[in-house]
Amino acid sequence: MSETKAYRLCPLCEATCGLEITADGRQVNQVRGDKEDVFSEGYICPKGASIAALDADADRLNTPMVREGKTWRSAGWDEAFALIDKKLTGVISEHGKNAVGAYLGNPTVHNTSLSMYMQGFLRMLGTQNLFSASTVDQIPRQLVAAAVYGTGLSVSVPDLDRCQYLVIMGGNPLVSNGSMMTAPNVGERLKRIRKRGGKIVVIDPRVTETAKAADEHLFIRPGTDAYFLFGVVHTLFEEGLGDPGQLAKHIDGLEEVRSLAKGFSPEVVATRCGIPAEDIRRIARELAAADSAATYVRIGASTQEFGTLANWLPEVIQVLTGNLDREGGTMFTRAAHGPGNTKGASGSGRGLKVGRRTSRVQGRPEIFGEFPISCISEEIETPGEGQIRAMITVAGNPVLSTPNGPRLAKALNSLDFMVSFDIYLNETTQYADVILPGVSPLERCQYNFAFEQLSIRNHARFSPQMFPVPEGQISEWESVLRLTGIISGMGPNADTAVMDDMTIQHMIQREVQMATSPVHGRDADEILKALEPRRGPERIIDFMVRTGPYGDGFGKNSDGLTLKTLEENPHGIDLGPLKPRIPEVLRTPSGKIEIAPKLIVDDVERLQDRLSAPTEKMVLIGRRHLRSNNSWMHNIQPLMTGKSRCTLWVNPEDAEALGLSDGGTATIRSTVGSVTAPVEVTSDIMSGVVSLPHGWGHDQSAAQMNVANANAGVNCNILIDEQSMDIPSGNAVLCGVPVEISPAPEAESKEREAVAAK
Ligand SMILES: Nc1nc2c(c(=O)[nH]1)N[C@H]1C(S)=C(S)[C@@H](COP(=O)(O)OP(=O)(O)OC[C@H]3O[C@@H](n4cnc5c(=O)[nH]c(N)nc54)[C@H](O)[C@@H]3O)O[C@H]1N2
Ligand SMILES: Nc1nc2c(c(=O)[nH]1)N[C@H]1C(S)=C(S)[C@@H](COP(=O)(O)OP(=O)(O)OC[C@H]3O[C@@H](n4cnc5c(=O)[nH]c(N)nc54)[C@H](O)[C@@H]3O)O[C@H]1N2
Ligand code: SF4
Ligand SMILES: [Mo]
C-alpha cells in the first residue's frame with residue numbers, strides 16, 4: 001500500500017501540538033512533530049508520539065459493552081440503545097429529569113465531536129445534577145475571569161513570547177505542557193524569556209522541572225498562595241508602585257482592594273506562607289519595575305483552600321502594575337470561532353450569574369450550570385426527591401480522579417442505571433450498565449474550541465478525520481444524538497441526520513437574530529444551504545468560523561475565514577500576536593474591569609481568619625509526569641517504561657524524622673483513608689510536604705486495561721476529603737491535605753523478601 005501523510009492536532013493535552021503522521025493504509029508508521037505548524041514549531045512530547053499506540057491499543061473498546069451482573073459482553077449498537085431507552089426513560093418518567101446525573105471528564109474538552117453535541121444533549125436533558133472535572137481543576141480561574149471580565153473564557157493569558165518577567169505559581173508547564181495557557185513548545189518559549197534578558201520566578205512547594213529552568217525558585221507552604229499574593233498587592237499599594245496607566249478609566253473597585261490589602265503586609269503573611277517578607281517585597285518591586293510582567297497561577301493554586309482568591313489576586317497585580325492587556329503582560333486571545341467575549345454588544349454584557357440553583361443535599365450554588373464534583377456521592381446516596389438514580393459519565397474516570405473515590409465507587413454501584421461514554425472498561429466504567437465506545441482520535445476531526453481561546457497567539461487550526469470510522473462503529477457525535485433522541489422521547493433509533501440538521505438550524509436561527517452578528521437579518525435557509533454539503537461537526541465548525549471575528553460572514557467579508565480555508569492550510573493559519581482588547585473584550589454589566597467582585601472579596605474575611613491557623617506538621621500535594629495523562633494513559637505500553645512513578649516523595653530531613661528510607665514503603669493516613677506507597681527521598685520537595693501523583697490505583701479486577709493493571713500504583717484520592725472545598729468556587733482542595741506518615745514495616749519486609757527470592 002502507498003504511504004499517506006496527514007497533519008493533525010494532538011488531542012491529548014492543552015498544548016495542542018501539530019503532528020505529522022505517516023501511515024500505510026490503516027497502519028500508522030510514524031508520528032512526528034509538524035515542523036511547519038504555525039504555532040507548535042515542530043514540538044512533540046512522548047504522549048503525542050504514542051498516539052499510534054493508543055490508536056492500536058487492543059484494550060480500546062470498539063463495540064458497545066453491556067454488563068450482566070459481573071460479566072461483560074459486546075453488544076450491537078441497536079441493542080445498546082434499546083436498553084438505554086428502556087432504563088433511562090424509565091428513571092426519567094418515574095423520578096423526573098434531576099434523577100439523571102451527568103459527569104463530564106477532561107477528554108470531553110479535547111474531543112470536538114463529543115463536546116459539541118454534548119451541549120445540546122445536556123440542554124435537552126435539563127438536569128440540575130451536572131458535574132465535571134472542572135471542579136477538581138480550573139473552576140476558580142474561570143469564576144474569576146467571569147466575575148472580573150464577564151465570561152468564563154475571558155482568561156488573561158501570559159503573553160509568553162514578549163514577557164520580560166514571569167512569576168509561575170502552582171503550575172509546572174515543563175511537564176504539563178501548560179494549562180489555561182495554550183503554549184506548545186513551552187520549554188523553548190520560557191528559555192527565550194531568559195535569553196532576551198527576562199526573568200522567571202517559580203513559587204512551588206517542589207523544585208519542579210520548570211523551577212530548574214527558571215532564574216529563581218521559592219518554596220511556598222501548600223495552600224497559602226493567596227497570602228503571598230496579598231503581600232505583593234499590599235506592597236504595591238504601600239510603596240506607591242501601582243500604576244494602572246491607561247487602564248485606570250476602565251477599572252471599578254481598586255480602592256476597595258487597597259483597603260482589603262491593608263491587613264496582609266509581607267511581614268504579617270510571611271510566617272503563614274513560608275516566604276520571607278523581604279522576598280515578597282522584592283518580588284513586588286521587580287514586578288512593578290519590569291518592562292512587562294505576568295503572574296501565572298495554575299492548578300496548584302486552584303485546587304486549594306483559597307483557590308478563588310489565589311486566582312483573583314494575580315489579576316489585581318496585573319491591573320495594578322499596568323500589565324493587563326499589554327504586550328508582554330497578560331492578554332486576551334481572540335479565537336476564530338467566536339467565543340462569548342466576541343459575541344453580542346461589545347464592551348459590556350450579562351456578566352457572571354451564580355447560584356441560580358443550589359444542590360439538594362448541601363445547598364451549594366451552581367457555577368456555570370454545574371455543582372462541585374465533591375457533592376456527587378451525597379446526591380446519589382441521599383434519598384428524597386431529586387436523588388440521582390441514573391448516571392451518565394462522559395470521558396471521565398471520577399473513581400480515580402476525584403476526592404474520596406471509594407465513596408463514589410460505592411455510590412455508582414448503587415445506581416439504578418449508568419451509561420458511560422468511554423474508550424476503556426476501567427475503574428469508573430466498570431459500574432456502568434452500558435459503555436458506548438468512542439473512536440480513535442485519528443478517526444475524528446479536531447478543532448479546539450476551548451484552547452484556541454486560551455492560546456498565547458491568535459491562530460486557527462483544524463484537522464480533518466485521518467481515517468474513516470471503522471465498519472460497525474459510530475462517531476461519538478452520532479452516539480450523543482441517539483441518546484438525545486432517547487431523552488426527547490423519540491426512541492432508540494432517532495434519525496441522527498435529521499437531529500443534526502435541527503442542531504445547526506437552531507444555531508443559525510439564534511445567530512441571524514443577533515443584532516451584532518455578521519449574518520443578522522439574513523435568511524436562515526440561505527445560510528444552511530451555503531454550508532452544503534457538510535454535515536456533523538464540520539458543518540458546525542464552518543458555521544462558527546464564518547460568523548466569528550475573522551470569518552467571511554457568508555459573503556460579508558469575502559477574504560474572511562471559512563473551514564475550507566483551514567482545510568487548505570493543514571499547518572494552521574497564524575493570526576498574529578495577541579492584541580490589546582480592553583474595553584471591547586469586556587462583558588461585565590458595568591462595562592468595567594470589575595476588580596473587586598462581591599462574590600470574591602467576601603472570601604477575604606475567611607482568609608484573614610485563617611491567618612494565624614497552626615501549621616500542619618505534614619501535608620500532601622500531587623505531581624504530574626510527562627509520560628502520564630491523569631488516569632487514562634497508563635495502558636499505553638511505550639509510555640510505561642522505566643521505574644514505577646507512583647511513589648511518595650519525602651524530603652531527607654522528614655524521611656529521617658519519620659524513619660523512612662529511599663526504596664522503602666510508607667503508610668499515608670488522612671482523615672478519610674490510608675494508602676501504602678514506595679518512598680523516594682528527595683530534596684526537591686520542601687520539608688513538611690510529601691507528594692503522591694494522581695490517576696493511579698489500577699488494581700480493580702473488573703477493569704480491562706492490561707498494561708495499567710500490571711502497573712497499578714495507588715489512588716492518592718483515597719486520602720482526599722471530598723468535603724474540603726474552596727468556598728466561592730466549590731473547587732475541591734487537593735493540595736495541602738493534612739496526612740500522617742509512618743513506615744509500613746510488613747509491606748517493606750515482604751518487598752525485601754521478594755527481591756531476595758529473585
Ligand atoms: N489528587 C488529584 N486529583 C486530580 C488532579 C490532581 O492534580 N490531583 N487533577 C485533576 C484534573 S486537573 C483533572 S482534569 C481530572 C481528570 O479527571 P477525569 O476527566 O475524570 O479523568 P481522566 O483520568 O482524564 O479520565 C478520562 C476518561 O476519558 C476516557 N477517554 C479518553 N479519551 C476519550 C475519548 O476520546 N472519548 C471518550 N468517550 N472517552 C475518552 C478515558 O478512558 C478515561 O476513562 O483529574 C483531577 N484529579
Ligand atoms: N504530562 C501530563 N501533562 C498534563 C496532565 C498530566 O496528567 N500529565 N494533565 C493535564 C491537565 S488535566 C491539567 S489541568 C494540567 C495542569 O497543569 P499544571 O497546572 O502545570 O499542573 P502540575 O504539573 O500538576 O503543576 C502543579 C504544581 O503546583 C504545585 N503545587 C501544589 N500545591 C501548591 C500550592 O499550594 N501552591 C503552589 N504555588 N504550588 C503548589 C505542584 O508542586 C506542581 O508543581 O496539566 C495537563 N497536562
Ligand atoms: S505536549 Fe500535549 S499536545 Fe503536544 S504532543 Fe504532547 S500531549 Fe500532545
Ligand atoms: Mo485538568
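Computed from a predicted model, the values in this text were never measured in an experiment.

## With respect to the overall build of the protein chain
1) Next: The helix and strand tally for the protein chain stands at 29 helices and 27 strands.
2) Next: Against the compact-globule benchmark of 27 Å for 758 residues, the protein chain has a radius of gyration of 25 Å, which places it among compact chains.
3) Next: Seen through its C-alpha atoms, the protein chain measures out along the principal axes to roughly 70 × 65 × 60 Å.
4) Next: For the protein chain, the proportion of its 758 residues judged to be buried stands at 62%.
5) Next: Here the contacts in the protein chain between residues at least 6 apart in sequence split such that 74% fall between residues at least 24 apart.
6) Next: Total accessible area on the protein chain stands at roughly 27,400 Å², and carbon and sulfur atoms take up 51% of it.

## Describing the confidence of the model for the protein chain
1) Next: In this model, the protein chain carries a mean pLDDT of 96, and residues with pLDDT of at least 70 account for 98%.
2) Next: Contacts of residues 752-758 to residues separated by more than four positions or lying in other chains number 0 contacts, the stretch itself having pLDDT below 50.

## Description of the packing of aromatic side chains
1) Next: For the coordinates displayed, the defined rule picks out 9 aromatic pairs.
2) Next: Judged by centre distance (4.3 Å) and plane angle (0°), the ring pair of Phe230 and Phe264 falls under stacked. A residue pair is termed long-range when its members are at least 10 positions apart, and Phe230 in helix α10 (residues 225-238) and Phe264 in the loop between α11 (254-261) and α12 (266-273) qualify at 34 residues. Residue Phe230 shares its accessibility class with Phe264, and that shared class is buried.
3) Next: Members of the aromatic cluster, connected to one another through ring pairs, are Tyr227, Phe230, Phe264, Phe306 and Trp312.
4) Next: Note that Arg334 overlies the ring of Tyr550, its terminal NZ or CZ placed 5.4 Å from the centroid.

## Examining the site of ligand 3
1) Next: Looking at ligand 3, the residues that line it are Cys10, Leu12, Cys13, Ala15, Thr16, Cys17, Tyr43, Cys45, Lys47, Gly48 and Asn177.
2) Next: Looking at the shell around ligand 3 residue by residue, the class counts come to 7 nonpolar, 3 polar and 1 charged.

## Regarding the site of ligand 2
1) Next: In the neighbourhood of ligand 2, 31 residues make up the surrounding shell, with Ser176, Asp204, Gly223, Asp225 and Ser628 lying closest.
2) Next: Between ligand 2 and the protein, one listed contact pairs an oxygen atom with a side-chain N or O atom of Ser176 at 2.7 Å.
3) Next: The side chain of Arg624 places a nitrogen or oxygen atom 2.9 Å from an oxygen atom of ligand 2.
4) Next: The class makeup of the residues in the shell around ligand 2 is 10 nonpolar, 14 polar and 7 charged.

## Topic: the state of the cysteines
1) Next: Enumeration according to the criterion identifies 0 disulfides in this entry.
2) Next: The cysteine Cys273 is free of any disulfide, with Cys735 supplying the nearest cysteine sulfur at 16 Å.
3) Next: The exposure class of Cys273 is buried, given its relative accessible area of 0%.
4) Next: Among the cysteines around Cys375, which has no disulfide bond, Cys735 carries the closest sulfur, lying 19 Å off.

## Some thoughts on the side chain of Asp279
1) Next: Inspection of the secondary structure assignment puts Asp279 in helix α13 (residues 277-289).
2) Next: Of note is the side chain of Asp279, whose polar atom sits 3.0 Å from the side chain of Arg282.

## Some thoughts on the environment of Phe306
1) Next: Relative to the helices and strands, Phe306 resides in the loop between α14 (299-302) and α15 (307-320).
2) Next: With 422 residues separating them in the primary sequence, Phe306 and Pro728 have C-alpha atoms 8.8 Å apart.
3) Next: Sequence-distant contacts of Phe306, that is, excluding residues within four places in its chain, are made with Gly223, Ala226, Tyr227, Asp603, Arg606, Leu607, Arg610 and Asp726.

The rules behind each value
Residues numbered from 1 in each chain as written. Chains lettered and ligands numbered in written order. Predicted model: local features only at pLDDT ≥ 70, side-chain atom pairs only at ≥ 80, totals over all residues. Heavy atoms only, no water. Helix = DSSP H or I, 4+ residues; strand = E, 2+ residues; numbered from the N terminus. Rg over C-alpha atoms; globule rule 2.2 N^0.38 Å. Buried < 20%, exposed > 50% of the residue type's maximum accessible area, 1.4 Å probe, protein only. Contact = heavy atoms within 4.5 Å. Areas by Shrake-Rupley, 256 points an atom, 1.4 Å probe, with all protein chains shown as cover. pLDDT = per-residue confidence, 0-100. Phe/Tyr/Trp six-rings, centres within 6.5 Å; stacked < 30°, edge-to-face > 60°. Lys NZ or Arg CZ within 6 Å of the ring centre and 35° of its normal. Near = heavy atom within 4 Å. Nonpolar A, V, L, I, M, F, W, Y, C, P; charged D, E, K, R; others polar. Polar contact = N/O pair within 3.5 Å; in protein donor to acceptor, adjacent residues only side chain to side chain. Disulfide = S-S within 2.5 Å.

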